[in-house]
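Below are the chains, spelled out letter by letter.
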Amino acid sequence: MSARKIIIDTDPGQDDAVAILLALASPEDIDVLGITAVAGNVPLPLTQKNTLIVCELAGKTDVKVFSGCDRPLGRDLVTAEHVHGKTGLDGPDLPDPVMPLQDQHAVDFIIETLRTHDAGTVTLCPLGPLTNIAMAFEKAPDIVEKVQEIVLMGGAYFEVGNITPAAEFNIYVDPQAAHIVFRAGAPITVMPLDVTHKALVTKFRNDAFRELGTPVGKAVAQMTDFFERFDKEKYGSAGAPLHDPCVTAYLINPDLFSGRHINVEIETQSELTMGMTVADWWGVTQRPPNATFMGDIDADGFFSLLTERLARL
Ligand SMILES: [Ca+2]
């Protein structure tokens, strides 16, 4: 089987960084056509810079990186420095990037890439708010049917919310965009908090990154250490949930995950529950399924895969 062609849409974020590193370490499975930055965890100037930093850390300075939307479709930007630190990538001390951003806007790159590839051969991997993807679908509705699959991190059912009591961060930041994407008709696979809160960076797993003895292993250990502080205080959990790498791990080994093909709608009206993923896990409505909503992960298998692949960079 040839490597799967993907566009990563991202707001790094330490966990975004690990997701990108995993993809770039796995060329036999994943062909990264480009990486598009979006405002989310931190404002756009930082997410685009962090994307370049991560590509350089991986030694992949030929990756095309594009800058996208700097704010959600219909709301003010909400960021998460309280989780990710002031830079979005706090933890390791990494050099400022020298590789350039591409001139083309991220949304135009997404549109052009889907138009110039055969239908069903390009997968979109959103790791942040869905603004860039929704903008592309609004601007060029013809590309929706060309998407092979959208594999995204976002939402929750059993775990409910992490930025509000009802909503997960990525969906909450731009619920209008999420509504557009979930209604578009392209096949969607969702990695919600229900999965990612089981992908915990325990001390043993963090040590395994550090013991790789490489700049990448050390940086990932430092990033997940930083990230972990917040989650330990907040949730009392054994370690930080490694949200976004679940997306790129799924592309390499989908058998690590299990879930249900169900209907998922996005709350866009109520301030109280804004951005909630209303997931019909129990099949209590007649609404047609529009997403494969994951519920479980083989966490040991996931961390083995991750550590083994990061060792290559
Ligand atoms: Ca992210």
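Reading guide: rules and limits
Along each chain, residue indices are assigned from 1 in the same order as the chain's sequence is written. pLDDT decides what is reported in this predicted model: residues at 70 or higher carry local features, side-chain atom pairs at 80 or more are listed and counted, and totals for whole chains, interfaces and linings draw on all residues regardless. As a rule here, side-chain values cover all heavy atoms of the structure and leave hydrogens and water aside. Working definition: helices are DSSP H or I runs of at least four residues, strands are E runs of at least two. Numbering for both runs from the N terminus. This radius of gyration counts C-alpha atoms alone. The globule rule is 2.2 Å times how many residues there are, raised to the power 0.38. Residue burial is assigned from relative accessible area. The probe radius is 1.4 Å, only protein chains are included, and a residue is buried under 20% of its type maximum, exposed over 50%, and partly exposed in between. Think of the donor list as every N, O and S atom within 2.8 Å of the metal, or within 3.2 Å for Na, K and Ca; water never makes the list, so a site can look incomplete. Remark: nonpolar core denotes a set of buried residues (Ala, Val, Leu, Ile, Met, Phe, Trp, Tyr, Cys) joined through side-chain atoms within 4.5 Å. Should any heavy atoms of two residues lie within 4.5 Å, those residues are counted as being in contact. In short, DSSP must find at least two bridges between two strands for them to pair. To obtain an axis, a line is fitted to C-alpha atoms, over the contacting stretch when the element is a helix, and the angle between two such axes runs from 0 to 180 degrees between their N-to-C directions. The arc refers to the directions leading from the helix axis to the C-beta atoms. Only residues whose relative accessible area exceeds 30% and that form no salt bridge are eligible for patches; like-charged ones are grouped when within 9 Å, while nonpolar side chains (Val, Leu, Ile, Met, Phe, Trp, Tyr) are grouped when within 5 Å. Here, Shrake-Rupley sampling with a 1.4 Å probe gives the accessible areas, and only protein chains in the shown set may cover a residue. One side-chain nitrogen of Lys or Arg within 4 Å of one carboxyl oxygen of Asp or Glu is enough to make a salt bridge. Using protein atoms alone on a 1 Å grid, points that fit a 1.4 Å probe yet trap it form a cavity, whereas open point sets bounded by protein on both sides within 12 Å along at least five of seven lines form a pocket; residues with an atom within 4 Å of a point count as lining. Grid points are joined across faces, edges and corners, and a volume is the space filled by probe spheres set on the points. Put simply, Ala, Val, Leu, Ile, Met, Phe, Trp, Tyr, Cys and Pro go in the nonpolar bin, Asp, Glu, Lys and Arg in the charged bin, and everything else, Gly too, in the polar bin.

Student: So, the overall build of the protein chain: which residues are in play, and what are the values?
Tutor: The secondary structure content of the protein chain amounts to twelve helices and twelve strands. Whereas a compact globule of 313 residues would reach a radius of gyration of roughly 20 Å, the protein chain reaches 18 Å, a difference of no more than 12%. Each principal axis of the C-alpha distribution contributes one length, and for the protein chain these read about 50 × 45 × 40 Å. In the protein chain, buried positions account for 59% of the 313 residues.

Student: Lay out the coordination of the calcium ion in plain terms, naming residues and giving numbers.
Tutor: Each protein donor to the calcium ion is listed here as Asp11 (OD), Asp16 (OD), Asp16 (OD), Leu127 (O) and Asp244 (OD); together their distances run 2.2 to 2.5 Å. All donors to the calcium ion come from one chain, and their sequence spacing reads D-x4-D-x110-L-x116-D. Assessed through its relative accessible area of 0%, aspartate 16 is described here as buried.

Student: Could you give me a rundown of the nonpolar core, with the residues and numbers involved?
Tutor: Counting residues in each nonpolar core, the largest one holds 55 residues, and the members touching the most others are Ile8, Val32, Phe209, Phe257, Phe302 and Leu306. In this structure, valine 32 is in contact with Ile6, Ile8, Ala23, Leu24 and Val63, ignoring residues within four places of it in sequence. Judged by nonpolar contacts, the second largest core, of 38 residues, contains Cys69, Ile111, Val122 and Val264.

Student: Account for the sheet that holds strand β6 (residues 188-191), naming residues and giving values.
Tutor: With mixed pairing, eight strands are arranged side by side in an open sheet as β3-β2-β1-β4-β5-β6-β12-β9. One side of each edge strand has no neighbouring strand; the edge strands of this open sheet are β3 (65-67) and β9 (257-262). Averaged over all adjacent pairs, the angle separating strand axes in this sheet is 25°, with direction ignored. Sheet topology places β9 next to strand β12 (residues 291-297); six bridges connect them, and they run antiparallel. The residue of β12 that forms the bridge with histidine 261 is threonine 292. This element, helix α7 (residues 175-183), spans β5 (147-153), β6 and β12 of the sheet and lies at about 135° to β6.

Student: Give me the lowdown on the environment of glycine 155, citing residues and values where you can.
Tutor: Positionally, glycine 155 belongs in the loop between β5 and α6 (169-173). In sequence terms glycine 155 and leucine 272 are 117 residues apart; their C-alpha atoms lie 16 Å from each other. Filtering out sequence-adjacent residues up to four positions away, glycine 155 remains in contact with Glu168, Ile171, Pro192, Leu193 and Thr277.

Student: Break down helix α9 (residues 203-210) for me, with residues and values.
Tutor: Among the residues making up α9, those that are buried are Arg205, Asn206 and Phe209. Relative to the axis of α9, the buried residues are bounded by an arc of 100° and lie together on one face. Opposite the buried face of α9, at more than 90 degrees from it, the exposed residues are Lys203 and Phe204.

Student: Break down a nonpolar patch on the surface for me, citing the residues and quoting the values.
Tutor: Taken together, Phe158, Trp282 and Val284 make up a surface patch of nonpolar side chains, about 380 Å² in accessible area. Note that valine 284 resides in the loop between β11 (277-279) and β12. The class of valine 284 is exposed, set by a relative accessible area of 68%.

Student: Can you tell me about the pattern of salt bridges, naming the residues and giving the values?
Tutor: The final tally for this structure, using the stated rule, is 15 salt bridges. For aspartate 96, the salt bridge identified is with lysine 49, shortest N-O distance 3.1 Å. With aspartate 96 in the loop between α3 (81-84) and α4 (106-116) and lysine 49 in helix α2 (residues 44-57), this residue pair connects regions lying 47 residues apart in the sequence. Judged by relative accessible area, which is 54%, aspartate 96 ranks as exposed. Judged by relative accessible area, which is 30%, lysine 49 ranks as partly exposed. Across the pair aspartate 207 and lysine 203 runs a salt bridge whose closest N-O atoms are separated by 2.9 Å.

Student: Residues and numbers for the pairing of β6, please.
Tutor: Here is the key point about a regular strand: its side chains alternate between the two faces of the sheet. By the alternation rule, side chains of β6 split into Ile188 and Val190 and Thr189 and Met191, which are all buried. Bridge count for β5 against β6 is four bridges, and the pairing is parallel. Directly across from isoleucine 150, in β6, lies its bridge partner isoleucine 188. In this sheet, β12 lies alongside β6 in parallel orientation, the contact comprising two bridges. Each residue of the ladder has a partner; that of threonine 189, found in β12, is threonine 292.

Student: I'd like to hear about the layout of surface pockets, residue by residue, with values.
Tutor: A volume near 200 Å³ is recorded for the largest pocket. Secondary-structure elements contributing two or more residues to the lining of the largest pocket are α1 (14-24) and β2 (30-37). A per-element tally of the lining of the largest pocket places β2 first, with five residues. Residue classes in the lining of the largest pocket are distributed as seven nonpolar, one polar and four charged. Quantified by volume, the second largest pocket comes out at close to 170 Å³. Considering the residues around the second largest pocket, the lining is formed by Leu46, Lys49, Asn50, Ile53, Thr87, Leu89, Asp90, Pro92, Asp93, Leu94 and Asp96. When its residues are assigned to classes, the lining of the second largest pocket shows five nonpolar, two polar and four charged.

Don't take any of this as a statement about function, it's just geometry.
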